Amino acid sequence: MAGHVAATSRAPSERPHAIKTPSNLSPRITWLRDYYFSGTARAWNNEFTSWTTGTPWDFQFNELTFYIVPETYTFFPTFRAAFRQTARRVDLDPHFWSWSLPERRAWFLRRVMTRSLPCEILPGDLIAGARFNVMTSTCLTSKEAAEFDRLVVGKAGTRQAVKWAHDHGYGNAGATSGHLIPDYPRVLKHGWRGITQEIEQALEALPAREKQGRRAAQLRGMLIAAGTARELAARYEAVCENLVAETKDPTRARELRQMARNLSLVPWGPSSTFWEAVQSLWLTHMLVMSDENYPGPGLSFGRIDQYLLPYWQRSLAQGMDRELGKEILKCFWIHCNTAYDAMIRTGAHQGITAGYGQLLSLSGRGPDGHDMTNDLTWAILEVIDEMSPILEPKPNVRLHRGSPDALLEKLVDMIASSQGSPFLLNFDERSEAGMLLEARLAGLEKQITPANVADYASVGCLENTMPGNDRSGTVDVNLNLLKAVELTLTGGYDLVPFADPMTGKTDAVTRRGSGTGDPTGFRTFEQFWAAYAAQNRFITKLLVDLYESSESVRARFSPTPYLSCLVRGCIEKGLDVTQGGAEIGFVTIEAVTFATTVDSLLAVKHLVYDRAACTMEELVAALKDNWVGHEKLQALAANKAPKYGRDDNEADAMARRVMELWTSETWRHTTRSTHRQFRPGMLSWNYWVSDGFVLAASPDGRPKGKFLSNALCPSNGADTNGPTANANSVGKVLAGEAEKDGVRFATENLLPNGGSHTISFNPTMARDPEHRAKLAAFLRGYARNGGSALQINMIDAEMLRDAQAHPESYRHLLVRVTGYNAYFTTVGKELQDEIIARESHALR
Amino acid sequence: MSSVEPDGESTGLILHVQRLSTEDGPGIRSTVFFKQCPLSCRWCHNPESISAQPQLQWYSTRCMGCHSCVGACPSGCISFGPQGFLLDRARCDGCGACVEECPTNALELLGRRVRVDALAEELAKDRAYFESSGGGVTLSGGEPLAQSGFAIALLQRLKEKGIATALDTCGFAATEGMGQALRSTDTLLFDLKIMDRVSHMAFTGQPNELILKNVLLARTLREAGETGARLWIRTPLIPGATATRENIVAIGAFIAEHLDGVLERWELCAFNNLCREQYRRLGMEWAYAETPLYDTSQLDEISGWARASGVDPSRVAVTGAARAAYSRTEETRRS
């Protein structure tokens with residue numbers, strides 16, 4: 001008799017909203033949470049405000065940071081004009097235009113935040129720091145603005161180049177905000193006063209000939225920026241004191257007096273209590289979003305349960321009620337969510353999208369391998385559980401060989417109760433192996449060592465970085481590997497010429513790819529592979545060059561001196577973080593369409609060379625026709641060719657080969673303007689959906705318009721051997737063959753950035769303690785055999801209904817109802833209805 | 001493919017391997033479904049496992065009507081009629097040529113011949129999950145001991161690799177083979193279906209003396225220290241057949257009398273009808289096609305009989321269709 005569990009890979013966005021509800025919230029938090037979710041009905045919000053120097057050439061919106069969001073390309077002129085038109089003028093210092101750009105930017109932001117923006121504290125809130133979404137002036141002189149425009153919107157500018165690359169299916173690239181972990185622990189320990197002193201010392205230490213130079217200008221800008229938080233805290237302190245005078249509630253008055261006292265001490269000085277530390281953290285953090293003019297783009301907290309722990313313990317020892325500590329954290333949670341107010345009147349859900357990612361990391365191991373789960377980890381997990389569903393901050397829980405059973409049990413319970421994972425799971429052994437690889441390959445063995453690599457944490461979605469000194473451009477370059485297969489099939493041409501949907505104009509037929517020749521002449525698959533390798537080299541270089549164009553513009557025109565104060569390396573080098581000031585500064589190429597590419601190569605090999613089911617001419621003709629009229633060949637490609645994701649060693653060897661090829665190409669490149677080494681990762685964000693409409697039909701049987709594969713996941717429906725086989729395949733491409741009979745110890749990882757991997761389970765996998773224990777055991781097995789990060793979805797009735805309507809997409813969906821299993825799409829409608837009813841039932 | 005290999009220890013005929021199985025013994029398991037079964041239970045949920053021959057199966061929803069199979073068949077036994085695919089089953093020898101040519105996998109061959117060493121290597125791929133969960137490999141079917149040489153060789157090979165094993169058996173097997181298999185088995189999932197001899201004969205096509213003898217053998221071997229196998233008894237709950245008060249009480253009494261102290265768990269597996277389409281695809285009638293599933297109160301009642309039968313009530317578990325609802329009822333009652 002059979003067991004069963006089914007798995008397919010799916011995007012979290014495809015999952016209907018969880019039905020989980022919050023619990024154990026005080027009246028204060030209930031009010032703040034409800035108020036937040038009342039959206040546009042609120043009297044207060046944190047919508048973007050725009051600010052100008054008042055010059056006729058001034059503008060605020062910097063499109064470079066949106067190059068990785070192709071959906072926004074057509075709106076660039078509108079955004080720029082709208083922020084410009086609504087911008088309020090800031091009275092400038094008389095010397096303003098004599099200063100360097102970093103000084104102008106730092107002064108302007110400080111002025112807006114501390115003089116122009118209103119400061120408010122919501123009823124009951126325990127943390128100050130409300131408005132931070134701003135669009136500040138680029139602070140460019142007329143000459144600088146003209147040069148910027150020439151490089152960006154000019155005929156040969158970055159805007160045209162990035163649009164061309166996207167339209168032709170290569171992917172996208174742009175110098176993007178956020179996606180790093182600022183050195184918050186330093187602020188907690190030494191305050192901004194400590195950072196200020198450091199900058200002053202660095203300025204003094206400059207040799208005389210450099211006192212008027214670029215490094216000095218940068219440091220002076222940072223010095224201005226380093227005073228912002230102190231000045232802003234003083235304003236909020238005054239607000240608290242005013243509110244004390246107004247309130248009739250003695251408890252609230254006590255709270256407000258404490259808040260005022262906190263603000264008088266931090267973030268300028270070091271924190272001593274937990275409340276001070278959270279206050280200091282929040283003000284410091286929100287100003288980064290102000291500095292970058294971007295709400296929470298992967299601006300992440302790192303190991304918050306570790307660096308806040310001393311303050312938590314001290315305050316508990318001094319008598320702080322544990323629930324008050326959690327209450328402070330819950331206020332912090334609400335503040336993080338106000339990032340979404342930026343575009344509150346735009347689009348659906350009052351501007352709430354999944355596009356932000358203030359990630360925090362919990363648990364994980366220490367340098368000697370011991371588990372770091374502590375009382376604050378548990379408190380934060382309780383906060384997440386009690387506040388959910390809520391989007392920010394996004395929790396990432398780190399697991400490893402020594403993770404305690406109790407933690408796994410709690411995680412599985414939370415997963416089970418929310419129809420899927422309320423957090424991302426990160427796996428330490430695999431992740432750290434990747435970080436040590438990048439240290440070796442980039443000569444950073446002093447910065448990333450076996451002794452400190454356990455300090456790593458994730459930013460954005462799942463991208464691994466070091467904390468406090470690392471900006472690795474984790475979403476800046478998104479490369480469609482599949483384009484190389486297309487170019488191989490045509491000898492360097494687009495398979496189908498691009499037709500502009502606005503003008504209807506079709507591209508002239510010119511070769512852009514590598515001249516690998518007519519593929520019909522390839523006698524063996526190895527010849528085909530050699531041509532593919534040449535095209536892979538070509539597409540990588542194309543995106544590297546594309547990135548260079550926006551990286552060099554950002555480095556010249558868009559310093560972020562405030563953020564630079566919080567990234568180790570910038571003070572020492574006197575370089576802005578946008579100019580490569582960070583001690584560790586990779587640019588990550590995120591490969592998209594991995595499994596589609598692997599499966600396409602496997603299909604070419606199978607159909608043309610091994611099985612001889614068709615000739616190369618016939619295959620290319622079928623793809624040009626988008627498979628129409630070639631249905632039998634398409635079915636052979638989809639069903640008979642081997643696929644990645646089934647733990648089939650031969651197919652997975654092709655996957656490994658593709659992985660080794662593209663990652664080694666990536667390591668060949670460094671940015672010219674900022675000397676940042678490129679490194680590989682696999683994320684895919686939502687490109688795997690949208691670029692499915694851009695990229696031509698592929699040899700794996702996929703027609704144009706159908707989704708591509710997501711990140712490291714097998715193609716949708718390809719993982720016919722279930723989650724363990726799926727995970728083993730992923731482990732194989734990252735870490736190679738098993739070292740010992742079926743166990744792939746996590747000592748290797750080709751993707752230092754990490755790779756996104758999603759597995760869906762039937763909810764019955766978590767239906768009782770016995771099955772939840774098996775799910776926890778699966779996670780332990782995954783830590784040994786799988787990838788660096790995992791997201792779990794529970795297949796729910798909604799998905800089964802979708803499978804009923806679209807059986808072709810769910811052929812391999814197994815349903816388990818008792819000790820037997822069946823393919824859902826092969827049982828009759830009425831039985832399907834019964835199963836759907838049961839599955840819905842099983843969740844409650 | 002139709003002839004059994006002379007060396008039964010090296011190859012065997014299996015249906016498929018189910019990985020991350022959570023229902024066939026402790027922990028995370030990979031379950032190997034064997035072809036062939038000596039019983040012919042009227043309710044059989046895996047009709048494809050009974051025959052000792054590979055069988056061809058056609059999925060109408062997948063078929064694109066290209067008729068590649070017609071030309072591929074060397075014996076010309078495939079044609080298409082108004083209802084679609086037609087197979088002359090008497091002449092089909094299961095060579096699989098049509099399956100190979102079918103572009104949509106509308107044709108599947110149930111049953112493939114595998115070598116012990118290759119199969120064991122495949123199964124070892126999930127060792128990490130077996131070890132993390134206290135799981136392993138389960139031999140199920142069909143009846144694994146119908147190919148006892150192959151089954152025993154597989155169990156031994158897995159034990160050599162340090163992988164825990166379970167044997168899911170109907171119990172109708174030569175005692176010698178059963179004994180040998182048990183020496184390499186860590187968990188025995190033993191079916192006790194019907195205690196009444198005549199009724200057993202009527203519903204399964206075989207008497208039950210051998211089955212009862214074998215379950216006693218398991219106890220004897222345990223007591224002699226020749227096997228460490230944990231014992232789970234499994235009883236499928238089939239309306240009007242096994243799930244009568246008289247039968248459940250009789251099984252319970254037998255367990256209480258003979259297996260006390262050895263039994264770890266008695267699983268009552270609720271009837272389900274997911275194999276209905278499977279019968280249709282194989283061109284077979286199924287007597288239970290219209291039988292409804294149990295509701296929770298019925299399962300409640302049946303498990304009540306089991307708990308009161310003399311067996312330690314904490315050993316009784318219900319699995320299957322209404323289980324989620326059932327457990328909730330239980331939780332509510334306890335609280």
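Residues numbered from 1 in each chain as written. Chains lettered and ligands numbered in written order. Predicted model: local features only at pLDDT ≥ 70, side-chain atom pairs only at ≥ 80, totals over all residues. Heavy atoms only, no water.

K.L.:
In this structure, what is going on with the overall build of chain A? I would like to understand it.
P.N.:
Each helix and strand counted, chain A has 29 helices and 16 strands in total. Considering only C-alpha atoms, chain A reaches an extent of 80 × 60 × 50 Å along its principal axes. Taking all 844 residues of chain A together, the buried fraction comes to 66%. Just so you have it, chain A exposes about 28,400 Å², and 54% of that area is on carbon and sulfur atoms. Across chain A, the 92 positively charged side chains and the 95 negatively charged ones have centroids separated by 3 Å. (Helix = DSSP H or I, 4+ residues; strand = E, 2+ residues; numbered from the N terminus. Buried < 20%, exposed > 50% of the residue type's maximum accessible area, 1.4 Å probe, protein only. Areas by Shrake-Rupley, 256 points an atom, 1.4 Å probe, with all protein chains shown as cover. Lys, Arg positive; Asp, Glu negative; His and termini not counted. Charge placed at Lys NZ, Arg CZ, Asp CG, Glu CD.)

K.L.:
Could you clarify how one ought to interpret the environment of Asp-168 of chain B in this entry?
P.N.:
All names here are of chain B. The residue Asp-168 is located in strand β9 (residues 165-169) in this model. Under the relative-accessibility criterion, Asp-168 is labelled buried at 6%. As a C-alpha pair, Asp-168 and Glu-100 span 68 residues in sequence and 32 Å in three-dimensional space. Within the structure, the side chain of Asp-168 is placed 3.1 Å from the side chain of Arg-234, a separation counted as a polar contact. (Polar contact = N/O pair within 3.5 Å; in protein donor to acceptor, adjacent residues only side chain to side chain.)

K.L.:
Is there a simple way to explain the environment of Leu-751 of chain A in this structure?
P.N.:
All names here are of chain A. Examined against the element boundaries, Leu-751 turns out to sit in the loop between α26 (722-735) and β13 (758-761). Note: C-alpha distance between Leu-751 and Arg-33 (718 residues apart in sequence) is 38 Å. With near-sequence residues (within four places) excluded, Leu-751 lies in contact with Met-659, Trp-662, Thr-663, Pro-680, Gly-681, Met-682, Leu-712 and Leu-734. (Contact = heavy atoms within 4.5 Å.)

K.L.:
Would you mind showing me how to read the packing of helix α17 (residues 482-490) of chain A against helix α18 (residues 525-557) of chain A here?
P.N.:
The packing of two helices is summarised by the inter-axis angle and the distance between the axes. Residues and elements named next belong to chain A. As a packed pair, α17 and α18 sit with axes 8 Å apart at the nearest point and diverge in direction by 125°. The angle between the axes of α17 and α18 places the two elements in the oblique class. In the crossing of α17 with α18, the sense of the turn from one axis to the other is right-handed. Contacts between α17 and α18 pair Lys-483, Ala-484, Val-485, Leu-487, Thr-488 and Leu-489 from the former with Phe-528, Ala-531, Tyr-532, Gln-535, Asn-536, Phe-538 and Ile-539 from the latter. (Axes fitted to C-alpha atoms, helices over the stretch in contact; angles between N-to-C directions. Parallel < 35°, antiparallel > 145°, perpendicular 65-115°, else oblique. Left-handed = near helix turned anticlockwise from the far one by under 90°.)

K.L.:
Whenever I open this one, the packing of aromatic side chains confuses me. Can you help?
P.N.:
The geometry of an aromatic ring pair is captured by the separation of the ring centres together with the interplanar angle, meaning the angle of the planes. Inspection of the entire model under this criterion finds 48 aromatic pairs over all chains. For the pair Phe-61 of chain A and Phe-83 of chain A, a centre-to-centre distance of 6.4 Å together with 15° between the ring planes defines the contact as stacked. One end of the pair, Phe-61 of chain A, is in the loop between β1 (49-52) and α2 (76-86); the other, Phe-83 of chain A, is in helix α2, with 22 residues separating them in the sequence. Accessibility assignment for this pair places Phe-61 of chain A and Phe-83 of chain A in one class, buried. Connected via pairs of aromatic rings, a cluster forms that spans Phe-48, Phe-61, Phe-66, Tyr-67, Tyr-73, Phe-75, Phe-76, Phe-79, Phe-83 and Tyr-294 of chain A. Its guanidinium or amino end placed over the ring of Trp-164 of chain A, Arg-512 of chain A lies 4.2 Å from that ring's centre, counting from NZ or CZ. The ring of Trp-232 of chain B carries the charged tip of Arg-265 of chain B above its face, separated from the ring centre by 4.4 Å. (Phe/Tyr/Trp six-rings, centres within 6.5 Å; stacked < 30°, edge-to-face > 60°. Lys NZ or Arg CZ within 6 Å of the ring centre and 35° of its normal.)

K.L.:
Quick question: what am I supposed to make of the domain arrangement of chain B here?
P.N.:
Note: interface size is frequently given as the accessible area lost on complex formation between the parts. Residue and element names in this part refer to chain B. According to the domain assignment, chain B consists of domain 1 (3-51 + 115-319) and domain 2 (55-110). Domain 1 puts eight residues into the contact, and the matching count from domain 2 is seven residues. Carbon and sulfur atoms make up 47% of the area that domain 1 and domain 2 hide from each other, which totals about 680 Å². When the area that domain 1 buries against domain 2 is broken down by residue, the three leading residues are Lys-35, Arg-281 and Leu-282, summing to 64%. Our enumeration of links across domain 1 and domain 2 arrives at zero salt bridges. If you look at where domain 1 meets domain 2, you find four residue pairs in polar contact (both at pLDDT 80 or more). A class-by-class count of the residues in the side of domain 1 that touches domain 2 yields two nonpolar, three polar and three charged. (Domains from an automatic or database assignment. Buried area = accessible area lost by both parts, 1.4 Å probe. Salt bridge = Lys/Arg side-chain N within 4 Å of Asp/Glu carboxyl O. Nonpolar A, V, L, I, M, F, W, Y, C, P; charged D, E, K, R; others polar.)

K.L.:
Is there a simple way to think about the sheet that holds β1 of chain A in this case?
P.N.:
The strands that make up a sheet pair up through hydrogen bonds in the backbone, lying either parallel or antiparallel. Residues and elements named next belong to chain A. Strand order across the open sheet formed by three strands is β2-β1-β3, with parallel pairing between neighbours. Each edge of the sheet is formed by a strand with only one pairing partner; in this case those strands are β2 (88-89) and β3 (134-135). As judged from the two bridges shared by β1 and β2, these two strands associate in the parallel manner. Directly across from Trp-51, in β2, lies its bridge partner Arg-88. (Pairing = 2+ DSSP bridges.)

K.L.:
Sorry, what's going on with the pattern of salt bridges here?
P.N.:
One side chain can pair with another of opposite charge once the charged atoms of both are near each other. A complete count under the given rule lists 74 salt bridges over all chains for this structure. As a salt-bridge pair, Arg-668 of chain A and Glu-665 of chain A come within 3.3 Å of each other at their nearest N and O atoms. A salt bridge links Arg-19 of chain B to Asp-126 of chain B, with the nearest nitrogen and oxygen atoms 2.9 Å apart. Linking Arg-19 of chain B in strand β1 (residues 11-21) with Asp-126 of chain B in the loop between α3 (116-123) and α4 (127-133), this pair joins segments that are 107 residues apart in sequence. Taken together, the shared-partner salt bridges in this structure form one network comprising Arg-322, Glu-323, Lys-326, Lys-330, Asp-375, Glu-382 and Glu-386 of chain A.

K.L.:
Explanation requested: helix α5 (residues 158-167) of chain A in the structure shown.
P.N.:
Since the α-helix advances by 3.6 residues per turn, residues separated by three or four positions end up pointing in the same direction. Residues and elements named next belong to chain A. Among the residues of α5, those classed as buried are Thr-158, Arg-159, Val-162, Ala-165, His-166 and Asp-167. At its buried positions, α5 is contacted by α2, α4 (142-152), β4 (171-173) and α18. Looking at the residues trailing α5, positive phi occurs at Gly-169, about 85°.

K.L.:
Is there a simple way to explain the confidence of the model for chain A in this structure?
P.N.:
Close reading of the predicted structure is inappropriate where its pLDDT is low. Residues and elements named next belong to chain A. The predicted model of chain A has a mean per-residue pLDDT of 91, with 90% of residues at 70 or higher. pLDDT under 50 marks residues 816-822. Its contacts with residues more than four places away, or in other chains, come to 41 contacts. Of the regions scoring below 50 in pLDDT, residues 839-844 engages in 16 contacts with residues more than four places distant in sequence or in other chains. (pLDDT = per-residue confidence, 0-100.)

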